[in-house]
Every structure is written in structure tokens, then in C-alpha cells.
Amino acid sequence: APTSTELAITGMTCASCAMRIEKKLNRLEGVTATVNYATENAHVRHSPDVSAQTLVATVEGLGYGATPPS
Ligand code: 9UX
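This structure is a prediction, so every number in the text was calculated from the model and none was measured. Throughout, a residue's number is its position along its own chain's written sequence, starting from 1. The model is predicted, so local features are restricted to residues of pLDDT at least 70 and side-chain atom pairs to those at 80 or more, both for listing and for counting; the totals for chains, interfaces and linings are taken over all residues.

Student: Pulling in residues and values, what's your account of the site of the ligand?
Tutor: Close contacts around the ligand come from T13, C14, S16, C17 and R20, and that covers them all. All residues other than Ala, Val, Leu, Ile, Met, Phe, Trp, Tyr, Cys, Pro, Asp, Glu, Lys and Arg, Gly among them, are scored as polar; the first ten of these are nonpolar and the last four charged. Of the residues that constitute the shell around the ligand, the class distribution is two nonpolar, two polar and one charged. Nearness between a residue and a molecule or strand is assessed with a C-beta atom placed from the backbone; a distance within 6 Å qualifies.

Student: Lay out the pairing of strand β3 (residues 41-46) with the relevant residues and their values.
Tutor: Of the two faces of β3, the one lined by A42, V44 and H46 is fully buried and the one lined by N41, H43 and R45 carries no buried residue. The pairing of strand β1 (residues 3-10) with β3 spans six bridges and is antiparallel. Looking at the pairing, A8 lines up with N41 of β3. A strand pair is defined by DSSP finding two or more bridges across the two strands. Helix numbering and strand numbering both begin at the N terminus, where a helix is a DSSP run of H or I of at least 4 residues and a strand a DSSP run of E of at least 2. Two strands pair when backbone bridges link them, and strand β2 (residues 31-36) and β3 are joined in this way by six bridges, in the antiparallel orientation. Counterpart to N36 in the pairing with β3 is N41. Joining the antiparallel neighbours β2 and β3 is a turn of four residues, in which E40 adopts a positive phi near 55°. Exposed residues have 12 or fewer other C-beta atoms within 10 Å of their own C-beta, buried residues have 20 or more, and partly exposed residues fall in between, where C-beta atoms are placed from the backbone.

Student: If you had to explain the nonpolar core to someone new, which residues and values would you point to?
Tutor: Membership of the largest hydrophobic core comes to 14 residues, with the highest contact counts inside it found for L7, I9, I21, A42, L55 and V59. No other element matches the three residues that helix α1 (residues 15-26) contributes to this core. With C-beta atoms placed from the backbone, a contact is any residue pair whose C-beta atoms sit within 7 Å. Beyond its immediate sequence surroundings of up to four residues, L7 is in contact with N41, A42, V44, L55, V56, V59, A66, T67 and P68. Any set of buried Ala, Val, Leu, Ile, Met, Phe, Trp, Tyr and Cys residues joined through C-beta atoms within 7 Å is what this text calls a nonpolar core.

Keep in mind these values describe shape, not function.
And the structure:
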């Protein structure tokens, strides 16, 4: 069954940033992501084979910050 992970996103300065992150996350196998610029949050449904750390690293690779739930 898919897992849901919420990420707090930092560093977005326009709505297109959210789209950039969303598209990059959605390129990962088994990942469906929506990124909300206004709330600075990503909602990700993903295979259990995809770790939260992989999601974080993907966001960080674009130059933004991502924090999973503690
Ligand atoms: Mo908006 Mo974000 O011009 O990387 S896309 S700042």
C-alpha cells in the first residue's frame, strides 16, 4: 500500500518553484506528489520502497529545504 509523507518545504520564492519540485518528485518511480506554494508543504504518496530521505534529497537537489515529520 502507498505511504503518505508530508514535507515542510523552505526556499520557495514563487509559485513556479512549487511546480519545479512537484515535477521532479513525480519523476521518481512510484511517487505522486503535490506541492503547495502557499502552505510551503509537499504531500507525497509513494511506494514504501521510496524512503522519506530519498524525497528530501530530491528536493534538496533542486536547492530547496525539506523537512519530514519528526
Ligand atoms: Mo520562481 Mo523558483 O521565478 O526556483 S521558479 S523563484
